[in-house]
Amino acid sequence: MSERHVRDLLEAGSASSRLLLVEGQVRLDRDGSEQPGIVIAEYDEVVSRLGTRPDAAQLQAEAAQLNVQLTQLGG
């Protein structure tokens, strides 16, 4: 998980967008139609924490927090 993943999620700009863990890879699901996977983060949740225009430090901090969550899930 990197800040690029978080940025991509925010740039998708859709409430149905989310980041998934699928077969060990982080994937952006832009419209909620991606194959099943573990939901890492949803657009609305990230926007509520960061807004729509976070700076690089905020993106890094969010990615780091999501990495902690992934580690706790065993991913």
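None of the values given here were measured: they were computed from a predicted structure.

A. Highlighting the overall build of the protein. Tallying secondary structure elements over the protein gives three helices and three strands in all. Order of helices (α) and strands (β) in the protein, N terminus to C terminus: α-β-β-β-α-α. What you see for the protein is a C-alpha radius of gyration of 11 Å, in line with the 11 Å of a compact globule of 75 residues. Split into buried and exposed, the 75 residues of the protein put 29% on the buried side. Summing over all exposed atoms, the protein offers an accessible surface of approximately 4400 Å²; the carbon and sulfur share of this is 44%.

B. Structural context of the side chain of Glu62. With respect to the helices and strands, Glu62 occurs in helix α3 (residues 56–73). At 2.5 Å, the side chain of Glu62 and the side chain of Arg49 are in polar contact.

C. Region of interest: the nonpolar core. Val6, Leu9, Leu10, Leu19, Ile40, Ala41 and Val46 are the most contacted members of the largest nonpolar core, which has 15 residues in total. Elements represented by at least two residues in this core include exactly α1 (3–12), β1 (18–22), β3 (38–42), α2 (43–50) and α3. No other element matches the four residues that α3 contributes to this core. Here Ile40 is in contact with Met1, Leu19, Leu20, Leu21, Val26, Leu66, Gln69 and Leu70, once residues within four sequence places are set aside.

D. The arrangement of α2 in detail. Within α2 the residues assigned to the buried category are Tyr43, Val46 and Leu50. Viewed along the axis of α2, the buried residues span an arc of 70°, placing them on a single side of the element. If you follow the buried residues of α2, they end up packed against α1, β3 and α3. A positive phi of about 80° marks Gly51, the residue just after α2.

Calculation rules
Residues numbered from 1 in each chain as written. Predicted model: local features only at pLDDT ≥ 70, side-chain atom pairs only at ≥ 80, totals over all residues. Heavy atoms only, no water. Helix = DSSP H or I, 4+ residues; strand = E, 2+ residues; numbered from the N terminus. Rg over C-alpha atoms; globule rule 2.2 N^0.38 Å. Buried < 20%, exposed > 50% of the residue type's maximum accessible area, 1.4 Å probe, protein only. Areas by Shrake-Rupley, 256 points an atom, 1.4 Å probe, with all protein chains shown as cover. Polar contact = N/O pair within 3.5 Å; in protein donor to acceptor, adjacent residues only side chain to side chain. Core = buried A, V, L, I, M, F, W, Y, C linked by side-chain atoms within 4.5 Å. Contact = heavy atoms within 4.5 Å. Arc of directions from axis to C-beta.

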